[in-house]
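Commentary on secondary and tertiary structure
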Amino acid sequence: MAEADLSLVIDQLSKSLESIEAVADLPRLRAEIAQLSEEVAAPDLWDDQENAQRVTSTLSARQNEVERLESLRGRLEDASVMLELAMEEDDAETRGEVDKELARLAKEIEALEVRTLLSGEYDSREALVTIRAEAGGVDAADFAEKLMRMYLRWAERHGHPVEVYDTSYAEEAGLKSATFAVKAPFAYGTLSVEQGTHRLVRISPFDNQGRRQTSFAGVEVLPVTEETDSIDIPEGDIRVDVFRSSGPGGQSVNTTDSAVRITHLPTGLVVSCQNEKSQLQNKAAALRVLQSRLLELARAEREKEMNALKGDGGNSWGAQMRSYVMNPYQMVKDLRTEYEVGNPDAVFDGDIDGFIDAGIRWRKRSESAES
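Named according to an unreviewed UniProt entry, the protein chain is Peptide chain release factor 2 originating from Arachnia propionica. Quoted verbatim from the Sequence similarities (unreviewed entry) field of the UniProt record, the comment on the protein chain reads "Belongs to the prokaryotic/mitochondrial release factor family." In its Subcellular location (unreviewed entry) section, the UniProt record describing the protein chain reads: "Cytoplasm".

1. With respect to the domain arrangement of the protein chain
Note: interface size is frequently given as the accessible area lost on complex formation between the parts. Assigned domains within the protein chain: domain 1 (3-117), domain 2 (127-226 + 313-370) and domain 3 (238-307). Taking the mean C-alpha position of each, domain 1 and domain 2 sit 29 Å from one another. Buried area between domain 1 and domain 2, summed over both chains or domains, comes out near 780 Å², and the portion from carbon and sulfur atoms is 64%. For the domain 1 face of the interface with domain 2, the top three residues by lost area are Val114, Arg115 and Leu117, together amounting to 63%. For the pair domain 1 and domain 2, the number of links is 0 salt bridges. Our count for the domain 1 to domain 2 interface comes out at 1 residue pair in polar contact (both at pLDDT 80 or more). The set of elements that each furnish at least two residues to the side of domain 1 that touches domain 2 consists of helix H3 (49-89) and helix H4 (92-113). Across the side of domain 1 that touches domain 2, the residue classes break down as 4 nonpolar, no polar and 3 charged.

2. Examining the packing of aromatic side chains
The final tally for this structure, using the stated rule, is 4 aromatic pairs. Judged by centre distance (5.5 Å) and plane angle (75°), the ring pair of phenylalanine 143 and tyrosine 324 falls under edge-to-face. You can see phenylalanine 143 sitting in helix H5 (residues 137-157) and its partner tyrosine 324 sitting in strand E9 (residues 320-325), a full 181 residues away along the chain. As far as burial versus exposure is concerned, phenylalanine 143 and tyrosine 324 are alike and both buried.

3. Digging into the sheet that holds strand E1 (residues 127-133)
Spatial ordering of the open sheet is given by E2-E3-E1-E5-E4-E9-E10-E11, a layout of 8 strands whose pairing is mixed. With partners counted over all chains shown, the strands left at the sheet margins are strand E2 (162-169) and strand E11 (340-341), one partner each. Where E2 meets strand E3 (residues 175-182), 7 bridges bridge the pair, whose relative direction is antiparallel. By the bridge assignment for E3, serine 168 is matched with serine 177. In the packing of H5 onto the sheet, contacts are made with E1, E2, E3, strand E4 (196-203), strand E5 (212-223) and E9, and the angle to E5 comes to roughly 45°. The strands touched by helix H10 (residues 353-370) within the sheet are E9, strand E10 (331-334) and E11, with E10 carrying the most contacts at an inclination of about 15°.

4. Considering the packing of helix H2 (residues 26-41) against H3
Packing of H2 against H3 leaves a shortest axis separation of 9 Å and a crossing angle of 145°. Seen from above, H2 lies across H3 with left-handed handedness. Of the residues in H3, those in contact with Leu26, Leu29, Arg30, Glu32, Ile33, Leu36, Ser37, Glu39 and Val40 of H2 are Val55, Thr56, Thr58, Leu59, Arg62, Gln63, Glu65, Val66, Leu69 and Glu70. Class assignment of the residues belonging to the contact of H2 with H3 gives a composition of 9 nonpolar, 4 polar and 6 charged.

The rules behind each value
- Here the residue numbers are simple positions, counted from 1 along each chain's written sequence.
- In keeping with the predicted nature of the model, local features appear solely for residues at pLDDT of at least 70, side-chain atom pairs appear and are counted solely at 80 or more, and the whole-chain, interface and lining totals rest on all residues.
- Side-chain numbers here rest on the full set of heavy atoms in the structure, without hydrogens or water.
- UniProt positions are given in the numbering used here, feature names are shortened, and annotations may be inferred rather than shown by experiment.
- Each domain's extent was defined by an automatic or database domain assignment.
- Note on terms: buried area is the combined drop in 1.4 Å-probe accessible area of two parts once they are placed together, counting the loss on both.
- Salt bridge criterion: a side-chain nitrogen from Lys or Arg within 4 Å of a carboxyl oxygen from Asp or Glu.
- In the analysis that follows, any N or O atom pair within 3.5 Å is treated as a polar contact, provided that within protein one partner can donate a hydrogen and the other can accept it, and provided that, for residues neighboring in sequence, both atoms belong to side chains.
- Numbering of helices and strands starts at the N terminus; helices are DSSP runs of H or I of at least 4 residues and strands are runs of E of at least 2.
- All residues other than Ala, Val, Leu, Ile, Met, Phe, Trp, Tyr, Cys, Pro, Asp, Glu, Lys and Arg, Gly among them, are scored as polar; the first ten of these are nonpolar and the last four charged.
- Geometry of aromatic contacts follows a simple scheme: Phe, Tyr and Trp rings, the Trp one being its six-membered ring, pair when their centres are within 6.5 Å, and the pair is stacked under 30 degrees between planes, edge-to-face over 60, tilted otherwise.
- Residue burial is assigned from relative accessible area. The probe radius is 1.4 Å, only protein chains are included, and a residue is buried under 20% of its type maximum, exposed over 50%, and partly exposed in between.
- Strands are labelled as partners when DSSP assigns at least two bridges between them.
- Residues are treated as being in contact if the distance between any of their heavy atoms lies within 4.5 Å.
- Orientation is described by lines fitted to C-alpha atoms, with helices fitted over the stretch in contact, and by angles between N-to-C directions that extend from 0 to 180 degrees.
- Should the near helix be turned anticlockwise from the far one by less than a right angle, the crossing is left-handed, and should it be turned clockwise, the crossing is right-handed.

Written as structure tokens, this is what we have:
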């Protein structure tokens, strides 16, 4: 690419980065980091473990966000200096290095721009993800387990802590359902586009005749409740049952009645948690899940009322949204955005950022078209 073209690319990337920095509000982030650092230094921080984990994870996330923006800005400035030197010395090799670096920067800045589209009421929250096996028998249960691993690997790639609340194992293989929290800012806004029905087509490893099988799994994504949410659950509105945990686990998990199931009597909602060692911990975790479900129920009710006022028939959340095809060809395709890749193994290993970015842009376009 010619020097003039490279200079133009640098200018365009600089403007894009400026808009991202403005939305991120770097002065606010630095002030928040200073405040959180003081809280982390407090000697009594770990007296409240839940609050301590929230403070430390938020501090880490904010620091990573600032460091990422500062790193991108520094690399862009370095590329500009390198280009000036290349132009002065007519150095084709350095020009080539600048060209490659700008291509890398363009990709990273484009991915970061997606964050600026997350402006929903709860988008900045942590995410509560539930995966359920649907039609397809044992293949569906196995598919649900694959999806859970996919999201856990995605979180691991991004350094997001995960807390598993409940796993219900199927008899032959896989999972009936699983619920876990992704404890990172904007996890809800990011993962909410993954909500819906996922479809897998493959030669079933559980069919001794080697036939092709289609199976389905549902993904639900909710925002984690915060102290500011007015979700009051009177004791008289819930029934608490205890039972023995099932599936893999330590000795104390499987031999005591530590698992907890909570039924919300007014709505019929049922949540359970069995992954903690104590009944009290499981009850607290189950109540957090129930609060998130009630928060989403209230949000959905408000949205339904608004749609009725607008004459809108409602949205398509819960509809089939992605197909994973392993046979007769290899492809994963999002049915809303048309985004597709030809490597299902990479997708199941957590490489889903392309799908998430396309989904966020698609949602933003849809919202703009409706308004």
